[in-house]
Amino acid sequence: MIKANTIPHPLVAIIPVVVLIGLLATAITLFGSDSLSGGSQIALLMGMAVCISLSMAVYRVPWQTFEQQIKATLGEVSITLLILLCVGMLAGSWMISGIVPTLIYYGVQFMSPQFFLVSSCIICAIVSLLSGSSWTTIATIGVALLGIGHALGISEAWTAGAIISGAYFGDKMSPLSDTTILASSATGTDLFVHIRYMMYTTVPTFLITITIFFITGLGKTTGVELHVSEYTEGLSRTFNISLWTLLVPLLTGVLIARRVPSVIVLFASSVMAGIVALILQPHILSEIATGTSPIVNANLSVVNSIKGLAITYFGATAVDTGNASLNELISTSGMAGMLNTIWLILCAMCFGAAMVASRMIESITCVIIRFVRNRISLVSSTVGTGIFLNITTGDQFISIVLNADIYKEVYKQEGYETRLLSRTTEDAATVTSVLIPWNTCGMTQSTVLGVPTLTYLPYCFFNLLSPLMSIIVAAIGWKIKKINV
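Attention here is on the structure that accompanies the text.

Calculation criteria
Residues numbered from 1 in each chain as written. Predicted model: local features only at pLDDT ≥ 70, side-chain atom pairs only at ≥ 80, totals over all residues. Heavy atoms only, no water. Helix = DSSP H or I, 4+ residues; strand = E, 2+ residues; numbered from the N terminus. Rg over C-alpha atoms; globule rule 2.2 N^0.38 Å. Contact = heavy atoms within 4.5 Å. Expected span 1.5 Å × (residues − 1). Buried < 20%, exposed > 50% of the residue type's maximum accessible area, 1.4 Å probe, protein only. Polar contact = N/O pair within 3.5 Å; in protein donor to acceptor, adjacent residues only side chain to side chain. 1 Å grid on protein atoms, 1.4 Å probe; cavity = no way out; pocket = protein on both sides within 12 Å on 5 of 7 lines; lining within 4 Å. Points joined across faces, edges and corners; volume = space filled by probe spheres on them. Nonpolar A, V, L, I, M, F, W, Y, C, P; charged D, E, K, R; others polar. Disulfide = S-S within 2.5 Å.

In terms of regular secondary structure, the protein is built from 24 helices and zero strands. Compactness check: the protein gives a C-alpha radius of gyration of 23 Å against a globular reference of 23 Å for 485 residues, within 12% of the reference. Considered along the principal axes of its C-alpha atoms, the protein spans approximately 70 × 55 × 45 Å. Counting only contacts in the protein whose residues sit at least 6 apart along the sequence, the fraction spanning at least 24 positions is 78%.

Attention now goes to helix H8 (residues 156-173). In this model H8 runs 26 Å from its N-terminal to its C-terminal C-alpha over 18 residues, within 8% of the 26 Å that 1.5 Å per residue would give. The buried count for H8 comes to 17 of 18 residues, which makes it a mostly enclosed element. Its side-chain oxygen placed 3.2 Å from the backbone nitrogen of Ala-157, Ser-155 serves as the N-cap of H8.

The next subject is the layout of surface pockets. With a probe scaled to a water molecule rolled over the atoms, the places where space remains empty come into view. Roughly 990 Å³ of internal volume is contained in the largest pocket. Around the largest pocket, the lining comprises 36 residues; the ones closest to its centre are Ser-133, Thr-136, Asp-178, Ser-333 and Gly-337. When residues of the lining of the largest pocket are traced back to their parent elements, those giving at least two are helix H4 (78-96), helix H7 (134-151), helix H9 (178-187), helix H16 (324-330), helix H17 (339-357), helix H20 (396-414) and helix H22 (440-449). The residue inventory of the lining of the largest pocket, partitioned by class, reads 12 nonpolar, 21 polar and three charged.

The subject of this paragraph is the state of the cysteines. A complete count under the given rule lists zero disulfides for this structure. Free cysteine: Cys-124, not disulfide-bonded; nearest cysteine sulfur from Cys-121 at 7.5 Å. Summary of cysteine pairing: Cys-350 is not part of a disulfide, and the nearest cysteine sulfur, belonging to Cys-347, is at 6.4 Å. The exposure class of Cys-350 is buried, given its relative accessible area of 13%.

Next up on the list: unusual backbone geometry. Not every positive phi belongs to a glycine, and Arg-359 is a case in point at roughly 70°. Inspection of the secondary structure puts Arg-359 in the loop between H17 and helix H18 (360-369). The backbone phi angle of Lys-479 is positive, close to 60°, even though this residue is not glycine. With respect to the secondary-structure elements, Lys-479 resides in the segment after helix H24 (461-476).

Quick look at the environment of Ile-406 now. Mapped onto the elements of the fold, Ile-406 is located in helix H20. Taking the relative accessible area as the measure of exposure, Ile-406 reaches 11% and is therefore buried.

What follows is about the environment of Cys-347. One can find Cys-347 in helix H17. By relative accessible area, which is 5% here, Cys-347 ends up buried. Each C-alpha atom, one on Cys-347 and one on Ser-286, is 38 Å from the other, the two residues being 61 residues apart in sequence. The contacts of Cys-347, once residues within four sequence positions are left out, are Gln-41, Leu-44 and Leu-45.

By themselves, these figures tell us nothing about what the structure is for.
See below:
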């Protein structure tokens, strides 16, 4: 690791972070939830510029030191960028092949009034787990569930809490999720190692959450029938709904269980889903390829199917189901949809590399480590910092990267595995972002659902309990071990 010779004073080291926070706040004010499309990236580059300028002017750190560290850091995330592109392929192919629509089709039919809250939480968890996006899940199936809950006379705060809890569970545990990928890559942890290790805190938290919603739902008395026919009819009219499509996630699960490398799993799953799409959904692929409804264009040629599949892998797709909510739910963006995340990662890693090369991260870490006395205080400090960064930076992506940068060396010095840091970062930074009104997640979800952040906050049990569970598991020491350093 290429570093400067002199450790900056902590008051100097904190300046780029303060500047970054101020610029991120400005970007969020100006662009809102669109700040990830460029505003946040500019803020990161400006923060990097401040770090480099201070180091070169005050501590005489040569530019070559930063250049070499940036090259080394970007090299470390090259596989992550490839994973993100494979994720884009997978997200598109799983949707268009009918895998996700089949699960939605059967999932919504199992709901009943008394079990509405727990069903909503589980359905959102499944959709988010398969799509890798809490935002898409909440903006589509979540909005529909909120309307159903309103018709049943169930408080919108409770419904929103169930939707958000489920969506963020799926987002956190999905190998398709950009936050999951970011947390694993920022800490140098294998993606599936990270996901498996999160199960020790995430699964108990989710079980407690659905138990709360289950007990609460039993107390709801209503004779209103759930109307799910619009969704089921729209899906069955558009897709060839078949349980055979579920062979793909089953085989994907087998590959994950056998610990096949992430890139191979994601790519293989995309290919399998593509084959299913060619067999079961040629009419949809033709529509994607020609831009014409298959009812109008009966030319379901092999060429059109292959062209449609290629577009599904790399670009945006839109299929008309006759239902606006469903249209939004099944739209995909392929590899192109990952470019903003890739851009953000590149800029974030450049900022982190500058902070490492200048030894400013080391200076800040030295201050923090003075308060670390044991495993519990280390994990608690990581959780607290993750939440603090969510509050101050207003964005979960930035919080994940900064949290990883701050604590990476601390965990190494204390002899703990990187997977403990990646899990703790997700338990804190990923799930609490939606609870903060000025965070991009909080702003987006409150706007989409039409429920103020502080109104749904007390009912987002999964999001509230996750940080606490991380600390509890650390106190118990369950599956936490030191490594030789």
